Amino acid sequence: MFDFLTEEIPNQEIELPALAQRNIRLSVKREDRIHPYISGNKYRKLKYNLLEARKLGKDHLLSFGGAYSNHIAAVAAAGKEEGFRTTGVIRGEELEGKIEENPTLSYAASCGMKFKFISRTAYRDKTSDKFLQALRAETDDFFLIPEGGTNELAVKGCEEILTEKDAQFNYICSSIGTGGTIAGLINCSKLSQQVLGFPALKGSFLQEDIRKFASKDNWKLIDSYHFGGYAKVNTDLVQFMNDFKTATGILLDPVYTGKMMYGILDLVKEGYFKEGSRILAIHTGGIQGIPGMNSQLVKRGLPIIEI
Ligand SMILES: *Cc1c(COP(=O)(O)O)cnc(C)c1O
């Protein structure tokens, strides 16, 4: 399963004046390098789910997502690599017939993914028995992967992100969507470490969702860097990401890792971390979403993310 991951993921140390001034060391775990589309945490979250699907003898994966979803791109690519048919249930009926204009959906289609476009109202009900039964009647007996991919098997995969060598870090930082990734990180962290989560969206449901899967209490949410909500960006964020790329060579994504890194460096400047702290930030991937975001930035007449 997924035999393209042959080497250990490197931690890249970042050098920036703001860090040196406070004697803080920051490294980035380059999970974005795992695969261009099955990248970062989506690889981790799919691994044991695909093994389970195979064990159950299923050859069809079905999942849900929005028009630019990293998860949909990853399911499509993973299905192609590992020999599963894939179906994406996509939020927004208006996208039907516009697949070519959307880089994520056209990539997924090129991997053989079939789509079912549904209204936003129907999407809200997508996990109801009625909706799923109708889907099963329409297609065949698929293996269901939840939206964003979070379930127990996904958390198990994310427990493999940290290695023994990472015990040297005082802080582990991650972006949060559904909370599956941070739950895995919490479970494989040391009690002496603090895990900081940077939600990419507004809302207070996350605490509960994380607690469902997390085995320890050594974590905290930093709620002030969502930039107004999920996939909301402004020029300040884009400028930060472009400057960060120039200084470090690391391309961040605008929905998750860009906001996390903006938050980490802002907290460093505010003196949040003690002198001498060592921080590990997880680059959870998401690079595939940049062309889609850039086309929206162009429409708004705003600066774009330099690739
Ligand atoms: C999906 C995603 C996340 C969020 O992961 P959760 O497990 O849903 O919290 C973070 N970063 C990137 C790049 C993602 O694609």
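Values in this document were obtained by computation on a predicted structure and should not be read as measured data. Throughout, residues of each chain are indexed from 1 in the direction in which the sequence is written. Note on the predicted model: pLDDT of at least 70 is required for a residue's local features to be given, and 80 or more for side-chain atom pairs to be given and counted; whole-chain, interface and lining totals, by contrast, use all residues. Only hydrogens and water are set aside; all other atoms, that is, all heavy atoms of the structure, feed into the side-chain values.

A. Region of the structure containing the overall build of the protein chain. Counting from the N terminus, the helices are the DSSP runs of H or I reaching at least four residues and the strands are the DSSP runs of E reaching at least two. Along the backbone of the protein chain there are 12 helices and 10 strands. Considered along the principal axes of its C-alpha atoms, the protein chain spans approximately 60 × 45 × 35 Å. Using a 1.4 Å probe on the protein chains alone, a residue whose accessible area is under 20% of its type maximum counts as buried, one over 50% counts as exposed, and one in between counts as partly exposed. For the protein chain, the proportion of its 307 residues judged to be buried stands at 55%. Contacts between residues were defined by any pair of non-hydrogen atoms, one from each residue, lying within 4.5 Å. Long-range contacts, defined as pairs at least 24 residues apart, comprise 75% of the intrachain contacts of the protein chain with a sequence gap of at least 6. Of the roughly 13800 Å² of accessible surface on the protein chain, a fraction of 48% belongs to carbon and sulfur atoms. The accessible surface values rely on the Shrake-Rupley method and a 1.4 Å probe; as for residues, cover is taken only from the protein chains in view.

B. Up close: the UniProt feature "modified residue: N6-(pyridoxal phosphate)lysine" (unreviewed entry) in the protein chain. UniProt positions are given in the numbering used here, feature names are shortened, and annotations may be inferred rather than shown by experiment. What UniProt calls "modified residue: N6-(pyridoxal phosphate)lysine" (unreviewed entry) maps, in this numbering, to Lys-42. Positionally, Lys-42 belongs in helix 2 (residues 41-55). Leaving out residues up to four positions away in the same chain, Lys-42 has contacts with Asn-70, His-71, Ala-74 and Gly-148.

C. Examining the pairing of strand 8 (residues 194-199) more closely. Counted residue by residue, strand 8 has five buried out of six residues, so it is predominantly covered. At least two DSSP bridges between two strands are required for those strands to pair. In this structure, strand 7 (residues 171-176) lies alongside strand 8, joined through six bridges in parallel fashion. Looking at the pairing, Ile-176 lines up with Pro-199 of strand 8. Seen with its strands pointing away from the viewer, a crossover is right-handed when the path leading from the first strand over the helix to the second is clockwise. As for the winding sense of the linkage, the β-α-β connection from strand 7 through helix 8 (residues 180-188) to strand 8 is right-handed. Sheet analysis places strand 8 next to strand 9 (residues 219-221), joined by three bridges and oriented parallel. Considered in strand 9, the bridge of Val-195 is made with Trp-219. In this fold, strand 8 hands off to helix 9 (residues 206-213), which returns the chain to strand 9; that crossover is right-handed.

D. Just empty space enclosed by the protein, in detail. Grid spacing is 1 Å over the protein atoms alone, the probe is 1.4 Å, and a cavity is where that probe fits but cannot get out, while a pocket is an open set with protein on both sides within 12 Å along at least five of seven lines and lining residues have an atom within 4 Å of a point. Grid points are joined across faces, edges and corners, and a volume is the space filled by probe spheres set on the points. According to the stated counting rule, one finds one cavity of 30 Å³ or more in the structure shown. Taken as a whole, the largest cavity holds about 30 Å³ of empty space. Just so you know the grouping, Ala, Val, Leu, Ile, Met, Phe, Trp, Tyr, Cys and Pro go in nonpolar, Asp, Glu, Lys and Arg go in charged, and all remaining residues, Gly too, go in polar. A breakdown of the residues in the lining of the largest cavity according to their chemical character gives three nonpolar, four polar and one charged.

E. Looking closely at the sheet that holds strand 2 (residues 25-29). With mixed pairing, six strands are arranged side by side in an open sheet as 1-2-10-7-8-9. Only two strands of the sheet have a single neighbouring strand rather than two, namely strand 1 (11-14) and strand 9. Averaged over all neighbouring strand pairs, the angle between strand axes comes to 25°, with direction disregarded. Orientation is described by axes fitted as lines to C-alpha atoms, over the contacting stretch for helices, and by angles from 0 to 180 degrees between their N-to-C directions. Each of strand 2, strand 7, strand 8 and strand 10 (278-282) touches helix 11 (residues 257-270); the most contacted strand, strand 10, lies at about 165° to it.

F. Spatial organisation of the packing of aromatic side chains. The aromatic pairing rule takes the rings of Phe, Tyr and Trp, using the six-membered ring of Trp, and pairs them if the centres are within 6.5 Å, calling planes under 30 degrees apart stacked, those over 60 edge-to-face and the rest tilted. For the structure on display, the rule yields 11 aromatic pairs. Ring geometry for Phe-2 against Tyr-43: centres 5.0 Å apart, planes inclined by 45°, an arrangement best described as tilted. Within this pair, whereas Phe-2 is found in the segment before strand 1, its partner Tyr-43 is found in helix 2, the two being separated by 41 residues in sequence. The pair Phe-2 / Tyr-43 is uniform in exposure class, with both members buried. When the centroid spacing of 6.3 Å and the interplanar angle of 45° are considered together, the rings of Phe-198 and Tyr-225 count as tilted.

G. Representation of the UniProt feature "active site" (unreviewed entry) in the protein chain within the structure. UniProt tags Ser-69 as "active site" (unreviewed entry). Tracing the chain through its elements places Ser-69 in the loop between strand 3 (60-65) and helix 3 (70-82). Using a relative accessible area of 12% as the deciding quantity, one classes Ser-69 as buried. If near-sequence neighbours (up to four positions away) are discounted, Ser-69 is found in contact with Thr-104 and Gln-288. Under the rule applied, a polar contact is a pair of N or O atoms within 3.5 Å (in protein, one hydrogen donor and one hydrogen acceptor; residues adjacent in sequence only if both atoms are side-chain atoms). Polar contacts involving the side chain of Ser-69 include one to the main-chain amide nitrogen of Ile-72, which spans 2.9 Å.

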